[in-house]
Amino acid sequence: MGASGSSYVGVVTDGDDKLIGGSGTDVIVAGDGNDYINGGAGADTLDGGSGIDTLLGGSGADTLIFLSYENQYRLGGAIYNDGVLQTGQTAFTGYDNYDGGNGTAKGGTAEIDTLRIVVSVQQSNDATFMAALNAEVAYFKTVWLPAHVNKSTGQADQSVYEFKTINLKISAIENIDLKHDATVSLSASTVAEGAGANYVFTATLSSASQGVTTITTDKGIITIADGQTTGTLVIASGNGEDVYNDATSLSATITATAGGNFENLTIGTASATAHVNDTITAATVDLSASTVLENAADTSYVFTATLSHAAGTDVTITTDKGDITILAGQTTGTLVIASGNGEDVYNDATSLSATITATAGGNFENLTIGTASATAHVNDTITAATVDLSASTVLE
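Residues numbered from 1 in each chain as written. Predicted model: local features only at pLDDT ≥ 70, side-chain atom pairs only at ≥ 80, totals over all residues. Heavy atoms only, no water.

Draft legend 1. Highlighting the packing of aromatic side chains. Counted by the stated rule, this structure contains nine aromatic pairs. Measuring from ring centre to ring centre gives 5.7 Å for Phe-92 and Tyr-95, while their planes differ by 85°; the resulting arrangement is edge-to-face. Where Tyr-139 meets Tyr-161, the ring centres are 6.4 Å apart and the plane angle is 25°; that geometry is what we call stacked. Separated by 22 residues along the polypeptide, Tyr-139 in helix 2 (residues 127–147) and Tyr-161 in strand 15 (residues 161–162) bring together distant segments of the chain. (Phe/Tyr/Trp six-rings, centres within 6.5 Å; stacked < 30°, edge-to-face > 60°. Helix = DSSP H or I, 4+ residues; strand = E, 2+ residues; numbered from the N terminus.)

Draft legend 2. Representation of the pattern of salt bridges within the structure. Using the criterion set out here, one finds four salt bridges in the structure. Here Lys-164 ties to Glu-162 by a salt bridge, and the two come within 3.5 Å at their closest N and O atoms. On the basis of relative accessible area, Glu-162 is assigned to the partly exposed category, the value being 30%. Taking the shortest distance from any N to any O, the salt bridge between Glu-162 and Lys-169 comes out at 3.8 Å. You can call Lys-169 partly exposed: its relative accessible area is 24%. Through salt bridges with shared partners, a single ionic network connects Glu-162, Lys-164 and Lys-169. (Salt bridge = Lys/Arg side-chain N within 4 Å of Asp/Glu carboxyl O. Buried < 20%, exposed > 50% of the residue type's maximum accessible area, 1.4 Å probe, protein only.)

Draft legend 3. Focus on the sheet that holds strand 28 (residues 301–307). The strand order across the open sheet built from four strands is 31-28-26-33, with neighbouring strands paired in mixed fashion. Sheet topology places strand 31 (332–337) and strand 33 (366–369) at the edges, where each strand pairs with a single neighbour. Adjacent strand axes in the sheet meet at a mean angle of 20° when their direction is disregarded. Note: strand 28 against strand 31, six bridges, orientation antiparallel. The residue bridging Tyr-301 from the neighbouring strand is Ile-337, located in strand 31. (Pairing = 2+ DSSP bridges. Axes fitted to C-alpha atoms, helices over the stretch in contact; angles between N-to-C directions.)

Draft legend 4. A look at the nonpolar core. Core analysis: the biggest nonpolar cluster contains 29 residues, and Leu-115, Ile-117, Phe-163, Ile-166, Ile-170 and Ile-176 have the highest contact counts within it. Breaking this core down by element, the ones donating at least two residues are strand 7 (63–67), strand 8 (72–75), strand 14 (114–119), helix 2, strand 16 (168–171) and strand 17 (175–188). Ranked by residues supplied to this core, first place goes to helix 2 with seven residues. Excluding residues within four positions of it along the chain, Phe-163 makes contact with Tyr-95, Leu-115, Ile-117, Leu-133, Glu-136, Val-137, Leu-168, Ile-170 and Ile-176. One finds Val-285, Tyr-301, Ile-326 and Phe-364 within the second-largest nonpolar core, a separate group that totals 21 residues. (Core = buried A, V, L, I, M, F, W, Y, C linked by side-chain atoms within 4.5 Å. Contact = heavy atoms within 4.5 Å.)

Draft legend 5. Expanded view of the pairing of strand 19 (residues 198–205). Taken together, the five bridges between strand 17 and strand 19 define a ladder with antiparallel strand orientation. Its bridge partner lying in strand 19, Val-184 is registered against Leu-205. For strand 19 and strand 22 (residues 230–236), the ladder comprises seven bridges, and the chain directions are antiparallel. If you follow Thr-202 over to strand 22, its bridge partner there is Thr-232.

Draft legend 6. Expanded view of the sheet that holds strand 21 (residues 220–224). Pairing in this open sheet of five strands is mixed, and the strands run 18-25-23-20-21 from one edge to the other. Every other strand in the sheet has two partners, leaving strand 18 (190–192) and strand 21 as the edge strands with one partner each. Each neighbouring strand pair of the sheet contributes to a mean axis angle of 25°, computed without reference to strand direction. Taken together, the five bridges between strand 20 (residues 213–217) and strand 23 (residues 248–259) define a ladder with antiparallel strand orientation.

Draft legend 7. Fine view of unusual backbone geometry. A positive phi angle, near 55°, is found at Asp-82, a position not held by glycine. Structurally, the position occupied by Asp-82 is in the loop between strand 9 (78–81) and strand 10 (84–85). Judged by its relative accessible area of 44%, Asp-82 falls in the partly exposed class. One non-glycine residue, Ala-172, adopts positive backbone phi at about 55°. With respect to the helices and strands, the residue Ala-172 is situated in the loop between strand 16 and strand 17.

Draft legend 8. Representation of the side chain of Ser-171 within the structure. Inspection of the secondary structure puts Ser-171 in strand 16. With near-sequence residues (within four places) excluded, Ser-171 lies in contact with Tyr-98, Asp-99, Gly-100, Asp-157, Gln-158, Ser-159 and Val-160.

Draft legend 9. Spotlight on the side chain of Ser-290. Mapping Ser-290 onto the fold places it in the loop between strand 26 (282–289) and strand 27 (291–293). Non-local contacts of Ser-290, meaning those with residues more than four positions away in its chain, are made with Ser-300, Tyr-301, Val-302, Thr-375, Ala-376 and His-377.

Draft legend 10. Broad picture of helix 2. Spanning 21 residues, helix 2 covers 29 Å between terminal C-alpha atoms, matching the ideal 30 Å at 1.5 Å per step. The largest bend in helix 2 comes to about 40°, at Phe-140. For helix 2, every residue scored as buried is listed here: Phe-129, Met-130, Leu-133, Glu-136, Val-137, Phe-140, Trp-144 and Leu-145. On its buried face, helix 2 sits against strand 8, strand 14, helix 1 (121–124), strand 15, strand 16 and strand 17. Of the residues flanking the start of helix 2, the one acting as N-cap is Asp-126, its side-chain oxygen 3.2 Å from the backbone nitrogen of Thr-128. (Expected span 1.5 Å × (residues − 1). Bend = angle between axes of the 7 residues up to and from the residue. Polar contact = N/O pair within 3.5 Å; in protein donor to acceptor, adjacent residues only side chain to side chain.)

Draft legend 11. Representation of the environment of Val-119 in the model. Turning to its location among the elements, Val-119 is positioned in strand 14. Separated by 19 residues in sequence, Val-119 and Gly-100 have C-alpha atoms that sit 20 Å apart. Discounting chain neighbours no more than four positions away, the residues touching Val-119 are Ser-68, Tyr-69, Ser-124, Phe-129, Met-130, Leu-133, Leu-178, Lys-179, His-180 and Asp-181.

Taken by themselves, the reported measurements are silent on function.
Given below as structure tokens:
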């Protein structure tokens, strides 16, 4: 309960709550559940939230808020509750009861209690619903209220007015305001890597902005100009065209809105994630082999695998003669096999062929095999061999 003479501002937790304001100017917003709220004395603002609620303004010029889209309403001949179609339901299961309270006429000025009905974008876009609700509001103002108001005090009596389009019954209310919700939703781009691959976040209004609307996100501010419905925030991704698996993303969330001259601007889709996807750009690996002379210090067969781009992670090149490893950040790796061919005088040049059979690693989008096979050679040197003639000497 609010203290006497104080001003209370609070949000009631979800559940069936009971709260009574003091004699000050109270602002009370009920959560879900079947709530009872009494504003007490003073010019109070009371919001019943969803559920079957009872609101009593008490004395003072009070504002009682009914969010029609969070409660039961008729749309297109069907019953909805908090935006969800109630299949098979043909009547409301209960009514919110809003009573402005009987104020006094001070100095000839009545304490006018106002019912503020807020409709959603979905409801606003349904011509039948809006026509029916507008007709009910007009009937209340032009027919019902004049018949139930004290001509001396300007106060409405306790007679109950029942709406047909929304599950609401009211009494002791002197004025009705109809407010339209507008929504803002955040979306984000999906592009391929390359020059100009930015993260783009777009804020979209359900209705055109009157004046500038500012949408604040945790990644920056989006401005929607007068008469427009969209605005963008562009953030460089730094993700250019390459051969690596390096898709990136960035998320943003709306944290606040301002401007636009909206009666009630609500946040629809609050968060979005922008993506920069990989393209499939091939890197290649080629196999080459050594050619040495048999008198070289090392006559091994040497097979070299060469990448067109540096390895993102270690790469394993499998050949039919063994594996070649190329370390991260490098472009080449070798496989060395002893030939056993040394310097001699014989025609004994030798060779060995190898073929790439598989590749793994490197973090490449697509690693293809260029030159798959190579032959290593150990060539002969020209080393002379000599022949000497000798003759025998014997006795006769």
